[in-house]
Amino acid sequence: MTRTIAALLVAALAVTGCARIRDSKINPFNWFGGSKEEVVQVVDGVPLDPRPLVQEVTRLEVARQPGGAIVTAAGVPPTQGWWDAALVPDGDGSVKDGILTYRFVVNAPLELRRTSTPQSREVTAAVYLSDIRLQEVSKIVVLGASNSRSTSR
C-alpha cells in the first residue's frame, strides 16, 4: 500500500513539473515561436509577390531527379546584397500550351551596396517539379527584368 501511494505521489509531482517545461526554452517546440499573420495583395485569387524581378537571368538548368526534376536558375541583380531569391510561378501557375513560366524574384538590399563583379552578385534559386507536374510540360521559361531563358524537351 505504501508503494502505491509513493508511486502516485511521485507521478503527481512529475506531472506538475511538465507545465514549467512546456513553457520553457528547453522544449524544442518553443524554439521558433508562434506564427504571424502577413498581408499579401491578391488579384483574381492569386497572391502577388512584392519582390522585384532579377535584372538578368544568366543560367537555367533542369536536372532529372528520382520522381521529378529540379529547375535551377541563376541571375545577376544590379548590385550586391540582393537576397531571398525564388522561382515563383507566373500567374496562377498553370501550364499553358505546354509552357510552364516562372518569375525569378529577389529582395532588394536593405542599404546601398557596391556593384562589383557579376560573379559576386549572382543569386541562385531552384524549384522541384514532380513527374506528374512535368507530364504536360514541354518548355520551361524563367522571366527576369531584362531577359528570359527557356529550356525545352
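Everything in this summary refers to the structure shown in the same document.

1. Observations regarding the nonpolar core
- Residues Val71, Leu87, Tyr102, Phe104, Leu129, Ile140 and Val142 are the most contacted members of the largest nonpolar core, which totals 21 residues.
- Counting only elements with at least two residues in this core, the list comes to β3 (56-65), β4 (68-76), β6 (99-107), β7 (123-130) and β8 (139-143).
- In this view, valine 71 contacts Leu60, Glu61, Val62, Leu87, Ala125, Ala126, Val127, Leu129 and Ile140; residues no more than four positions away in its chain are not counted.

2. Some thoughts on the sheet that holds β3
- Read across the open sheet, the 3 strands follow the order β3-β4-β7; overall the sheet is antiparallel. Edge positions in the open sheet fall to β3 and β7, since each of these has one partner strand only. This sheet shows a mean twist of 15° between the axes of neighbouring strands, independent of strand direction.
- Here β4 pairs with β7 via 8 bridges, running antiparallel. Paired with valine 71 across the bridge in β7 is valine 127.

Calculation notes
Residues numbered from 1 in each chain as written. Predicted model: local features only at pLDDT ≥ 70, side-chain atom pairs only at ≥ 80, totals over all residues. Heavy atoms only, no water. Core = buried A, V, L, I, M, F, W, Y, C linked by side-chain atoms within 4.5 Å. Buried < 20%, exposed > 50% of the residue type's maximum accessible area, 1.4 Å probe, protein only. Helix = DSSP H or I, 4+ residues; strand = E, 2+ residues; numbered from the N terminus. Contact = heavy atoms within 4.5 Å. Pairing = 2+ DSSP bridges. Axes fitted to C-alpha atoms, helices over the stretch in contact; angles between N-to-C directions.

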